[in-house]
Amino acid sequence: MPRIQFRNTAFKSKESLLQLSYLTHKHRMANEYRTKVRAQQQDLPAPPGGDSQSLESSEPHGNSPDLSDMWIDDTHVWIKASLPEDSPCLLTGVAVVGHYIVVCDNENKTVKVFRVDGKFKEELFLTDPCGICVLPNSTNVAITEPEIKQITICSLEGDIELKFSIKHEKKYQCITTHTDTYMVGCSDIANPCIDFINNDGTILRTIDRDAKGERIFRNPTSLACLQSGEILISDPGTSSIICLKADGQVRYRLESQGRPSAVYGDVMGRLYMAHYDSNEVYRLQSSGAIDSSVVDQTFKLKHPLAMCVHNDWLVVTEETPSDRILVVKVPQVLSYSDLYIFSGHL
């Protein structure tokens, strides 16, 4: 099932020194295997110029790579996120900036950056990287670190670097953003909730109970802020997706046969849901009903965990110990399936 508890990195004094020593070693080791990986990739083509208006053309610090030969059936490609000396990956969050895929590997405590053709660029070690989202109109990403109760802001304008951090009171795992407000999800058993917080970590609003005073969530794992101002949440703990109105009231709750692991809303207002147990990704209608299957059984996706959509590209990770990232051309997939329409819900 989707992971909601991650390796504890809150150490006491003596253990903190051991952890610091371990992280220092990991940083030193990273420099060694970055060099090794880059050396193995020297035969990959250099990024040529291009006028394409899709994901790869929006790169903020370089020209787009030639992706014409990497596609399987002109619809999708698999990328491996593991690096030498890594433990099995736990890819809990994914985002796209330009033609780079940015993934949180919670098990190896790194944020990894790959080109869309699979070429490794760099990584940044953090204490507990979990969820991730791209900040509006920027090349910055916000990353949750639940064990240290912190959101870390990183810039991808050039090499990845830390910009600043936001300390807060709860262990937030998933995150999305709208203008200058962060919407974050907490899966604490005692108080699962969605909070709205600002740049100094102050909680502006909490959503945890409905009009009847009953808990809305059990395990919110993914958030999507919709153009309407509504929020879509996947909750595998209740096997449902939940849509909240702008005022925090529940617009609808749709239960599924199994666990939805991720939801996403793209800039065109299209909604997507990754389903952990059916091993598929669906496009949804505004009502939450399934419209079409973007990733079906033929892709052999295994327990999708995190997901994002950038332009017409869908990127999804798999449950540990998988190191695979699937990149899908949404228009081609739906065209090949003749836009087959499903009825009802899972």
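What comes next is a walk through the structure. (Residues numbered from 1 in each chain as written. Predicted model: local features only at pLDDT ≥ 70, side-chain atom pairs only at ≥ 80, totals over all residues. Heavy atoms only, no water.)

### Comments concerning the side chain of Glu 318
- Here Glu 318 lies in strand E23 (residues 313-318).
- A relative accessible area of 1% means that Glu 318 is categorised as buried.
- At 2.5 Å, the side chain of Glu 318 forms a polar contact with the side chain of Ser 322.
- Within the structure, the side chain of Glu 318 is placed 2.8 Å from the side chain of Arg 324, a separation counted as a polar contact.
- In contact with Glu 318, other than residues within four places in its own chain, are Trp 78, Lys 300, Leu 301, Lys 302, His 303, Pro 304, Leu 305 and Arg 324. (Helix = DSSP H or I, 4+ residues; strand = E, 2+ residues; numbered from the N terminus. Buried < 20%, exposed > 50% of the residue type's maximum accessible area, 1.4 Å probe, protein only. Polar contact = N/O pair within 3.5 Å; in protein donor to acceptor, adjacent residues only side chain to side chain. Contact = heavy atoms within 4.5 Å.)

### Details of the packing of aromatic side chains
- Evaluation of the coordinates by the stated rule reveals two aromatic pairs.
- A centroid spacing of 5.0 Å and a plane angle of 55 degrees characterise the contact between Trp 71 and Trp 313, whose relative ring orientation is tilted. Residue Trp 71 is found in the loop between helix H1 (13-40) and strand E1 (76-80), and its partner Trp 313 is found in strand E23; the two are separated by 242 residues along the sequence.
- Taking the relative accessible area as the measure of exposure, Trp 71 reaches 12% and is therefore buried.
- Looking at Lys 121, its charged tip hangs above the ring of Tyr 100, at a distance of 5.6 Å from the centre.
- Taking NZ or CZ as reference, Arg 205 lies 5.3 Å from the ring centre of Phe 196, over its face. (Phe/Tyr/Trp six-rings, centres within 6.5 Å; stacked < 30°, edge-to-face > 60°. Lys NZ or Arg CZ within 6 Å of the ring centre and 35° of its normal.)

### Considerations on the pairing of strand E5 (residues 120-125)
- Counting buried positions along E5 yields six of six residues, so the element is predominantly enclosed.
- In the sheet, strand E4 (residues 110-115) pairs with E5 via five bridges, with the strands oriented antiparallel. For Phe 114, the partnering residue across the bridge sits in E5 and is Phe 120.
- Between E4 and E5, which pair antiparallel in sequence order, lie four residues; one of them, Gly 118, sits at a positive phi of approximately 95 degrees. (Pairing = 2+ DSSP bridges.)

### Observations concerning the sheet that holds strand E9 (residues 161-167)
- Pairing is antiparallel in the open sheet, where four strands are placed in the order E6-E7-E8-E9. Of all strands in the sheet, those with a lone pairing partner are strand E6 (132-134) and E9, marking the two edges. Pairwise comparison of adjacent strand axes, ignoring direction, gives a mean angle of 20 degrees for this sheet. (Axes fitted to C-alpha atoms, helices over the stretch in contact; angles between N-to-C directions.)

### Some words on unusual backbone geometry
- The linkage connecting Thr 320 with the following residue, Pro 321, adopts the cis geometry, with an omega of 10 degrees.
- With respect to the secondary-structure elements, Pro 321 resides in the loop between E23 and strand E24 (324-329).
- We note that Asp 74 has phi near 60 degrees; this positive angle belongs to a residue other than glycine.
- Along the polypeptide, Asp 74 turns up in the loop between H1 and E1.
- Phi at Lys 109 is positive, roughly 55 degrees, even though this residue is not glycine.
- Along the chain, the position of Lys 109 falls in the loop between strand E3 (100-105) and E4.

### Quick look at the pairing of E4
- Counting buried positions over the six residues of E4 gives six, a clear majority of the element.
- Of the strand pairs in this sheet, E3 and E4 are connected by six bridges, and their pairing is antiparallel. Each residue of the ladder has a partner; that of Val 102, found in E4, is Val 113.
- Two successive antiparallel strands, E3 and E4, enclose a turn made up of four residues, where Lys 109 displays a positive phi of approximately 55 degrees.

### Digging into the environment of Glu 147
- Within the fold, Glu 147 resides in the loop between strand E7 (140-145) and strand E8 (150-155).
- Measuring from C-alpha to C-alpha, the distance between Glu 147 and Cys 130 comes to 9.6 Å, with 17 residues separating the pair along the chain.

### Topic: the pattern of salt bridges
- The final tally for this structure, using the stated rule, is 15 salt bridges.
- Between Asp 86 and Lys 112 there is a salt bridge; the shortest N-O distance is 2.5 Å. Taken as a pair, Asp 86 in the loop between E1 and strand E2 (91-97) and Lys 112 in strand E4 lie far apart in primary sequence, 26 residues in all. With respect to class, Asp 86 is no different from Lys 112; both count as buried.
- A salt bridge links Lys 170 to Asp 195; the shortest N-O distance between them is 2.9 Å. On the criterion of sequence distance, the pair formed by Lys 170 in the loop between E9 and strand E10 (172-178) and Asp 195 in strand E12 (residues 193-197) is long-range, its members being 25 residues apart. When sorted by exposure, Lys 170 lands in the same class as Asp 195, which is buried.
- Salt bridges sharing partners connect three or more residues here, namely Asp 86, Asp 105 and Lys 112. (Salt bridge = Lys/Arg side-chain N within 4 Å of Asp/Glu carboxyl O.)

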